[in-house]
Amino acid sequence: MREYTERIREAAKRLLSEQRVDTVIGFRRGTVPFMNEPFLVKSVDQVDQLYWDSNCGINLANYLPKRTDRVAVVAKGCDSRNIVVHLLENQIKRDQLYILGAPCRGMVDKRRMMADLKGKEPLHAEENGKEIKVSGRGFQVTFDRQTYLQSNCAICTHRNPVVYDELLGDPVEEQQGVDRYPDVRRIEAMSVDERWRYFQELIAPCIRCYACRNACPLCYCPTCFVDESRPQWVGKTIDPTDTLTFHFLRAYHVAGRCTDCGSCERACPVGIEVRKFTKKLEKEVKELYGYEAGVTPDQRPPLDTFKPGDPEPFIK
Amino acid sequence: MSDIYISRGKFPEIIGQLMARYRVYAPVLKGEYHEFAKIEKTEEADLGYQNTRLSPKGLFHPHAERMFEYSLVKDDPQAGILKEAPKDFSPRVVLGIRPCDAKAFQLDDVNFDTTAYQDPWWVRRRQTTTLIGLACNEPCGTCFCTSLGTGPFDTAGLDVLLVDTGEGYTAQVLTQKGKDVVGITSGWESVSRTVSEKMEGLRKSAEDSLGRQFDFDPIKQKDMLELFNASFWDEVQFACINCGTCTFLCPTCWCFDIQDEVWGDKGDRIRLWDSCMFPLFTFHGSGHNPRSQKLQRVRQRFMHKLKYYPDKYHNGAACVGCGRCVKFCPVNIDIREVVRRMSATCVCPA
Amino acid sequence: MNNPYLPYPVRIDSVVTETEDRNLKTFKLVFLNPEDEQKFKYNPGQFAELSIAGLGEIPIGIATSPTEKGFIKFTVNKVGKVTNHLHNMKEGDIMGVRGPLGNWYPWDALEGKNVVIIGGGFAFTTLRSSIVYMLDPANRSRFGDITVVYGARSPGLLLYKDELAAWEQRKDINMHITVDGTDDPNWKYNVGFVPAVTKQKAPSAENSYAIICGPPIMIKFTLPVLTELGFPPERIISSLEMRMKCGIGICGRCNIGSEYVCKDGPVFTLEQLSKLPNEY
């Protein structure tokens, strides 16, 4: 993935100096292993800070709403789908955007690598093709990139950007025959009590920091329902009822819009598998309406349109 | 009292003796991370940890704390009158806390325990808690305590400092509370010369590995409004998604909200961690919000820690360099970079 | 240990609707325990947290003067959850008061000085407290001339109408009541915005302090007038509004620069404010 770095810098330099765009949104190299920082380039002299590797999992579409300038943005498959959702929801105009499409082989999961380091602290990480060399005090290990993909990337079926103005590399082969929902089916198969317990345990570590919500490009509401105080829909404590209400309602709110970019899980400081909620809704929308969010730029999402033939078995 | 020593094998007995007299809180592995929890068995305490994911501030300032309770029964003459919620203030030992986190409590004390007002829950918990610290032999790559006036072997906030010397622990007793706690335990020996030398070696290598990562002092001299109006905040804030991770994990972020919650005809007044990262934090009833922009909120957090607090209390920064925010920020905003920018010779105005 | 978060229980003694839009009501509160009233010693300019079990607390300026004994009063604008509920409460209902909180107008420094009070809309509450305090027979001789400019959008939105009329009759206070506009043919006071009326009445800055409270737009346009009249920034005093919770400088919410507005304020001189970030 690192080969994109030079191409991003080259494109940014060109677009800025030709005044095609006012700014470029990409990543710069992080200060700690497995992290990069979303970065806004405003002038050509900042271009060389732009960077790309397998730690660019944060969805850059999140930084687009309400921008008024002409902006170039580096977009993986999922980011590009969220750009499509933004366009459909009038959060940004297409002619403001210059999309640098990044065909993607998946981002790596910091949390799983950390878990496998079993308490040893990584001080340096260097990516080299299919390998990630990690070293720290008195140890060196090599991780296979493919094995440590973020779980959403491992089951991704849209690795190539769906909209772009130029591509940073040749399209990658899409993964075929992926079963996206074994975990959802496992939860569906649980008894009601079992499932309730499962959800309670899932969200038990939540500290209500809202990193999942804030990392999500779809969560652009001016005031989120959990912050509303007149009326107050949700209590603010870490009582499981309040926490579950937050996670459930957020999942419903992104139904038919979520691209499974994984930013929510990546951002969560306590490692909650937030996607267990969103994926169930994704599956429902796919099964009921045959719709995948952000794939077709001219098709409105099923939950904001009505067709006489829409299935409605869930209305009882 | 000179330093004392106990072998690793006998140490669980010390924990057991403490548990007989105190509520003992220690780092316990829960899932992938450690957190401070009350232990019921000596072996639950895991002193081989690096540090907890959440800072131990919750021991004194819980995430959600019932302050008062009240009845809302219509005919109850006491209805609507707030009563203190009962709490356990029995003596407590926190075992294995890191020196940076203990120092953080001291920095927080000046907020919770002032001449004008004493926060009753913070103050009582501080009074009834003895902190037995554990020196950091191997600081993390994200640690920068030595750059902010504390360190891996700092005794400032502790009652006792333990050092893991491999075959055992040395204990340096620092306060009367520390003396009292050690006084009820037995099995200690005097520190041999070898152990003492080893301890010094560990201290030196830990401090050397941290080094001095930036110079905080220039910020003290700088004009508050000059820093406030600096142009670099625009770049610092860009990546921020305004979640509360940094504030919730931070040992010196104490800001809280007060909320009432009603359950049928009973209610509680609760205080909850809050975050200056959230727009609602400063949202007026009138609809006006003095910090409506992300830039303002990001700047507030760093300025509060690194400029407002030092200017108010002349007590150094409200940061102990524990590195949790660096480690867990989902978008890699690194406070060390912010300090470097704030302390740079030239701060360009916006 | 004294718990600074615990409200004193009080009984609502009376409720008066102040304005014709019915959005402002004045609540007269009596302490259930007489010893609590002894502890509640305040100065004009301070505020308190009004507490309603089940809903929460709101910071409100104390409208009474410490020279008025046996009760305290708060004039409350209906804006949010707590204030809406409060507006529906009645005589005899029990609620809580926590305070007094914050600093106050600098009464020691004001001694021997002329005092110009400029207020707009419903921000007149602690100014009422100050006027009543200064007019008290025991205090009146401690201050020089007292000039008041008080404006509201219309006559029906003025607070404390009976008292305003009574003060108009007195010789020891210069009252300049004004409204932005009115179609009432019997309106006998000024018509015009507060900054314009202040300019027209031109109170002398000589040996004077100005205390100004009101909507931000009024303050913004009145400050240049005061400067023109010769008031230096250290003699222009204002009171800040901020979202607050604890009221005692602990919860961190109202922090601006090195100050906590609830404890180090809410009263600041213009000179002090000029050294703070303008995040209020």
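Quantities reported herein were computed from a predicted structural model and do not represent experimental measurements.

(A) Summary view of the overall build of chain C. Across its full length, chain C carries 8 helices and 15 strands. For chain C, whose C-alpha radius of gyration is 18 Å, the value lies close to the compact-globule estimate of 19 Å for 280 residues. Projected onto its principal axes, the C-alpha positions of chain C cover 50 × 45 × 35 Å. Counting every position in chain C, which comprises 280 residues, the buried fraction comes to 51%. Partitioning the intrachain contacts of chain C with sequence separation of at least 6 by distance along the chain shows that 70% fall at a separation of at least 24.

(B) Fine view of the overall build of chain B. Secondary structure summary: chain B contains 12 helices and 12 strands in total. Structurally, chain B occupies a C-alpha span of about 65 × 65 × 40 Å along its principal axes. When the 350 residues of chain B are sorted by exposure, 52% land in the buried category. In chain B, of all internal contacts separated by at least 6 residues, the share reaching a separation of at least 24 is 71%.

(C) Region of the structure containing the interface of chain C and chain B. The interface is formed by 34 residues belonging to chain C together with 43 residues belonging to chain B. Elements represented by at least two residues in the side of chain C that touches chain B include exactly strand 4 (56-61) and strand 6 (94-101) of chain C. Sorting elements by how many residues they give to the side of chain C that touches chain B places strand 6 of chain C first, with 3 residues.

(D) Spatial organisation of the interface of chain B and chain A. In this complex, chain B contributes 32 residues to the contact, which on the side of chain A involves 31 residues. Those elements giving two or more residues to the side of chain B that touches chain A turn out to be helix 9 (245-249), strand 11 (256-263), strand 12 (266-273) and helix 11 (324-328) of chain B. Among the residues making up the side of chain B that touches chain A, the classes are represented as 16 nonpolar, 9 polar and 7 charged.

(E) Region of the structure containing the packing of helix 6 (residues 194-201) of chain C against helix 7 (residues 216-229) of chain C. All names here are of chain C. It is the contact of helix 6 with helix 7, at a shortest axis distance of 8 Å, that shows an interaxial angle of 20°. Considered as vectors, helix 6 and helix 7 are oriented roughly parallel to each other. Helix-helix and strand crossings are classified by hand; for helix 6 and helix 7 the assignment is right-handed. When helix 6 is examined against helix 7, the residues Val194, Pro195, Thr198 and Lys199 are found in contact with a partner set consisting of Met218, Phe221, Thr222 and Val225.

(F) A look at helix 1 (residues 4-17) of chain A. Between its terminal C-alpha atoms helix 1 of chain A stretches 20 Å, which fits the 20 Å expected from 14 residues at 1.5 Å a residue. Taken from the residues just after helix 1 of chain A, Gln19(A) is the one with a positive phi, measuring 55°.

(G) How the structure looks around the sheet that holds strand 8 (residues 160-164) of chain B. Residues and elements named next belong to chain B. Pairing within the open sheet is mixed, and its 8 strands lie in the order 3-2-6-7-8-9-1-10. The open sheet terminates on both sides in strands that have one partner only, identified here as strand 3 (33-38) and strand 10 (189-190). Inspection of the sheet shows strand 2 (residues 23-30) paired to strand 6 (residues 92-97) by 3 bridges, in the parallel sense. Each bridged residue has a counterpart across the sheet, and for Val24 the counterpart in strand 6 is Val93.

(H) Just the nonpolar core, in detail. Counting 262 residues, the largest nonpolar core has Ala12(A), Val73(A), Leu100(A), Ala210(C) and Ile211(C) as the members making the most contacts within it. If near-sequence neighbours (up to four positions away) are discounted, Ala210(C) is found in contact with Val116(C), Ile118(C), Leu226(C), Phe231(C), Arg235(C), Ile236(C) and Ile237(C).

(I) Quick peek at the domain arrangement of chain C. All names here are of chain C. In terms of domains, chain C is made up of domain 1 (8-100) and domain 2 (107-239). A straight line from the C-alpha centre of domain 1 to that of domain 2 covers 24 Å. The interface is formed by 18 residues belonging to domain 1 together with 14 residues belonging to domain 2. Class assignment of the residues belonging to the side of domain 1 that touches domain 2 gives a composition of 5 nonpolar, 9 polar and 4 charged.

(J) Structural detail: the domain arrangement of chain B. All names here are of chain B. When the domains of chain B are assigned, the result is domain 1 (4-210) and domain 2 (217-343). On a C-alpha basis, the centres of domain 1 and domain 2 stand 25 Å from each other. At the interface, 35 residues of domain 1 touch 29 residues of domain 2. Put simply, the parts of the chain that give the side of domain 1 that touches domain 2 at least two residues each are strand 4 (64-71) and helix 2 (99-112).

(K) Representation of the pairing of strand 2 of chain B within the structure. Residues and elements named next belong to chain B. Two strands pair when backbone bridges link them, and strand 2 and strand 3 are joined in this way by 6 bridges, in the antiparallel orientation. The residue bridging Tyr25 from the neighbouring strand is Lys38, located in strand 3. Counted along the chain from strand 2 to the antiparallel partner strand 3, the turn is 2 residues long, and its residue Gly31 has a positive phi close to 65°.

(L) Structural context of the environment of Lys120(A). Residues and elements named next belong to chain A. Along the chain, Lys120 turns up in the loop between helix 3 (110-116) and strand 6 (122-128). A sequence separation of 18 residues divides Lys120 from Gly138, and the C-alpha atoms of the two residues are 9.4 Å apart. Beyond its immediate stretch of four places on either side in the chain, Lys120 contacts Gly136 and Phe139.

(M) View of the environment of Glu121(A). Within the secondary structure, Glu121(A) sits in the loop between helix 3 and strand 6. The exposure class assigned to Glu121(A) is partly exposed, which follows from the 19 C-beta atoms found within 10 Å. Considering only alpha carbons, one finds Glu121(A) and Phe139(A), 18 residues apart in sequence, at a separation of 9.4 Å. Those residues within four positions of Glu121(A) in sequence are excluded, and the remaining contacts are Gly136(A), Arg137(A), Gln50(B), Cys140(B) and Gly141(B).

The rules we used
- Residues numbered from 1 in each chain as written.
- Chains lettered and ligands numbered in written order.
- Predicted model: local features only at pLDDT ≥ 70, side-chain atom pairs only at ≥ 80, totals over all residues.
- Helix = DSSP H or I, 4+ residues; strand = E, 2+ residues; numbered from the N terminus.
- Rg over C-alpha atoms; globule rule 2.2 N^0.38 Å.
- Buried ≥ 20, exposed ≤ 12 C-beta atoms within 10 Å, placed from the backbone.
- Contact = placed C-beta atoms within 7 Å.
- Nonpolar A, V, L, I, M, F, W, Y, C, P; charged D, E, K, R; others polar.
- Axes fitted to C-alpha atoms, helices over the stretch in contact; angles between N-to-C directions.
- Parallel < 35°, antiparallel > 145°, perpendicular 65-115°, else oblique.
- Left-handed = near helix turned anticlockwise from the far one by under 90°.
- Expected span 1.5 Å × (residues − 1).
- Pairing = 2+ DSSP bridges.
- Core = buried A, V, L, I, M, F, W, Y, C linked by C-beta atoms within 7 Å.
- Domains from an automatic or database assignment.

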